[in-house]
Amino acid sequence: MDYDVSVIRPEMRAEQVKARGGVFTAQRRKAVKKGLRTLHTLEIMAAKIYQCQMTSKPSPLNTQLAAAMCNELTHMQDFQTKIYEYGFKPSRLRWAYWMVGYVFGLGSRMLGTTQVLKTGVWVEAKAVNHYSRLLDDIEWDDETRAIIQKDQADERGHIARWRYLLEHSEDLV
């Protein structure tokens, strides 16, 4: 399925939020819980990376980072909503991913634009692989699977954007 990765924040309607997983086996619920918590915490980290990579100076790079951050925050909300739809709670350790994002984001910013972009490619490539494994390994309901696939397509879009900017870094000045 093709997804329009230029859509940063897809529309969501109240009737799309509903209780899920009531007929799942205990094993399937456990797998879904672990998968959703993993996706949620990784999106917390990604959003924090982009927040910390931005400077206060208006620039084309900061504009792109802000768009990516907004998209990652949308993903975080997607998974947090799913966590609650299934009757779960977010991981108590999610703060650690916030800290890792802070370190990667601030660290890459201190090393310059090229490192910001390389960090983006690296992190998003890891995310795409993680999404693939979770899509393959867990039996998701159709609506949750579609959200995961859309979010994975967004991550691929981020990789393409950061690679393009690496090749055209003169456009960022």
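Residues numbered from 1 in each chain as written. Predicted model: local features only at pLDDT ≥ 70, side-chain atom pairs only at ≥ 80, totals over all residues. Heavy atoms only, no water.

A. Structural detail: the packing of helix α1 (residues 26-53) against helix α5 (residues 142-167). Between α1 and α5, the shortest axis-to-axis distance is 13 Å and the interhelical angle comes to 30 degrees. It follows from the interaxial angle that α1 and α5 lie roughly parallel. For the crossing formed where α1 meets α5, the hand is left-handed. Note on element contacts: α5 touches α1 through Thr144, Ile148, Glu155, His158 and Trp162, opposite Leu36, Leu39, Glu43 and Tyr50. When its residues are assigned to classes, the contact of α1 with α5 shows five nonpolar, two polar and two charged. (Axes fitted to C-alpha atoms, helices over the stretch in contact; angles between N-to-C directions. Helix = DSSP H or I, 4+ residues; strand = E, 2+ residues; numbered from the N terminus. Parallel < 35°, antiparallel > 145°, perpendicular 65-115°, else oblique. Left-handed = near helix turned anticlockwise from the far one by under 90°. Contact = heavy atoms within 4.5 Å. Nonpolar A, V, L, I, M, F, W, Y, C, P; charged D, E, K, R; others polar.)

B. Seen up close, a nonpolar patch on the surface. Taken together, the side chains of Leu93, Trp95, Trp98, Met99, Val100, Tyr102, Val103, Phe104 and Trp122 make up a nonpolar region of the molecular surface, amounting to roughly 900 Å² of accessible area. Among the elements that line the nonpolar patch, the one with the most residues is helix α3 (residues 94-111), at seven residues. Mapped onto the elements, Trp98 comes out in helix α3. (Patch = residues over 30% accessible without salt bridge, like charges linked within 9 Å, V, L, I, M, F, W, Y side chains within 5 Å. Areas by Shrake-Rupley, 256 points an atom, 1.4 Å probe, with all protein chains shown as cover. Salt bridge = Lys/Arg side-chain N within 4 Å of Asp/Glu carboxyl O.)

C. Geometry of the packing of aromatic side chains. Scanning the entire structure with this criterion turns up six aromatic pairs. Arranged with centres 5.8 Å apart and planes meeting at 45 degrees, the rings of Phe24 and Tyr86 form a pair that is tilted. Placement of the pair is Phe24 in the segment before α1 and Tyr86 in the loop between α2 (60-85) and α3, with a sequence separation of 62 residues. Classification of Phe24 as buried rests on a relative accessible area of 14%. Centroid distance Tyr86 to Phe88: 5.8 Å. Interplanar angle 5 degrees. Geometry classified as stacked. Just as Tyr86 is buried, Phe88 falls in that class too. (Phe/Tyr/Trp six-rings, centres within 6.5 Å; stacked < 30°, edge-to-face > 60°. Buried < 20%, exposed > 50% of the residue type's maximum accessible area, 1.4 Å probe, protein only.)

D. Broad picture of the pattern of salt bridges. Counting across every chain of the model gives eight salt bridges. In this structure, Arg28 and Glu139 form a salt bridge, with 3.5 Å as the shortest nitrogen-oxygen distance. Of this pair, Arg28 sits in helix α1 while Glu139 is found in the loop between α4 (113-137) and α5, placing the two residues 111 residues apart along the sequence. For Arg28, a relative accessible area of 19% gives the class buried. Of the residues examined, Glu139 reaches a relative accessible area of 53% and is grouped as exposed. Salt bridges sharing partners connect three or more residues here, namely Lys18, Arg20, Lys82, Glu85, Asp141 and Glu143.

E. Structural detail: the side chain of Arg28. Polar contacts involving the side chain of Arg28 include one to the main-chain carbonyl oxygen of Glu139, which spans 2.8 Å. Setting aside its immediate chain neighbours within four residues, Arg28 contacts Glu139, Trp140 and Asp141. (Polar contact = N/O pair within 3.5 Å; in protein donor to acceptor, adjacent residues only side chain to side chain.)

F. Representation of α4 in the model. An ideal rise of 1.5 Å per residue puts 36 Å on 25 residues; α4 measures up with 36 Å between its terminal C-alpha atoms. All of the buried residues along α4 are Val116, Leu117, Thr119, Gly120, Val121, Val123, Glu124, Ala127, Val128, Tyr131, Leu134 and Leu135. If you follow the buried residues of α4, they end up packed against α1, α2, α3 and α5. (Expected span 1.5 Å × (residues − 1).)

G. Highlighting the nonpolar core. In this structure, Ile49, Tyr50, Leu61, Leu65, Leu117 and Trp162 are the most contacted members of the largest nonpolar core, which totals 16 residues. For this core, the element with the highest residue contribution is α4, accounting for five residues. Here Trp162 is in contact with Tyr50, Gln64, Leu65, Ala68, Leu117, Gly120, Val121 and Glu124, once residues within four sequence places are set aside. Within the second largest apolar cluster, 15 residues are counted, among which are Leu39, Phe88, Leu135 and Ile148. (Core = buried A, V, L, I, M, F, W, Y, C linked by side-chain atoms within 4.5 Å.)

These values are about where atoms sit, not about what they do.
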